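Residue-level structural notes
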Amino acid sequence: VCEILGELQWQRSPQLRVLSPKLRPHHAAQIIDTHRDGDPVLRFFYWVSKRPFYKHDLGCFKCMLDRLVRDRNFQPADHVRILMIKACKNEGDMTWVFDYLNEMSGKGLGLSLYSCNTLLIQLGKFELVGKAQSVYKQMLNSGIEPSILTFNSLINIYCKEGMVQDAELILS
């Protein structure tokens, strides 16, 4: 597959069409780690995710984010981060992603309003109030101006947990 990605029109490769149904997330992660050129790897990452038989796992998202941050390619990294957050299926996934993203922020992958709001929404789904509060504090400390969605997400999280007074503080 790495050889095929070196071709100019790799998306139209008959070999890739034959191989693609057999690809699994660990294969994609290995390709992301080993291919020499980051641009085709990112296009491959998006391409394979649209195949009907395939779904990235968190390890694959991690490999792609690691590669993008290592290459200092932060704009697509923010999009991949958002996709990773949305891929969380349970509290364990969300906690792991939260910790991983905190680690990545120390490597230059700064927060964005969109990624923070996505993170707050997902944290709310899994009732991770303390982590949501942490995200909100990180936003404020980073100079990110909260939006209506930010406030609505926090109010929703607090109300679901019976923390009405905290929700009222956000309202005021």
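What counts, and where the lines are drawn
Residues numbered from 1 in each chain as written. Predicted model: local features only at pLDDT ≥ 70, side-chain atom pairs only at ≥ 80, totals over all residues. Heavy atoms only, no water. Helix = DSSP H or I, 4+ residues; strand = E, 2+ residues; numbered from the N terminus. Expected span 1.5 Å × (residues − 1). Polar contact = N/O pair within 3.5 Å; in protein donor to acceptor, adjacent residues only side chain to side chain. Buried < 20%, exposed > 50% of the residue type's maximum accessible area, 1.4 Å probe, protein only.

1. Focus: helix H4 (residues 38-49)
Here H4 spans 17 Å end to end across twelve residues, near enough to the 16 Å set by a 1.5 Å rise per residue. Where H4 starts, the residue carrying a side-chain oxygen 3.4 Å from the main-chain nitrogen of Asp39 turns out to be Asp37.

2. Considering unusual backbone geometry
Positive phi, normally seen in glycine, also occurs at Arg72, with a value near 60 degrees. Residue class for Arg72 comes out exposed when judged on its relative accessible area of 54%. The phi dihedral of Glu127 falls on the positive side, at around 55 degrees, and the residue is not glycine. Structurally, Glu127 is set in the loop between helix H8 (113-125) and helix H9 (129-141). Residue Glu127 is classed as partly exposed on the basis of its relative accessible area of 47%.

3. Looking at the environment of Lys22
Mapped onto the elements, Lys22 comes out in the loop between helix H2 (14-19) and helix H3 (25-34). In sequence terms Lys22 and Val69 are 47 residues apart; their C-alpha atoms lie 28 Å from each other.

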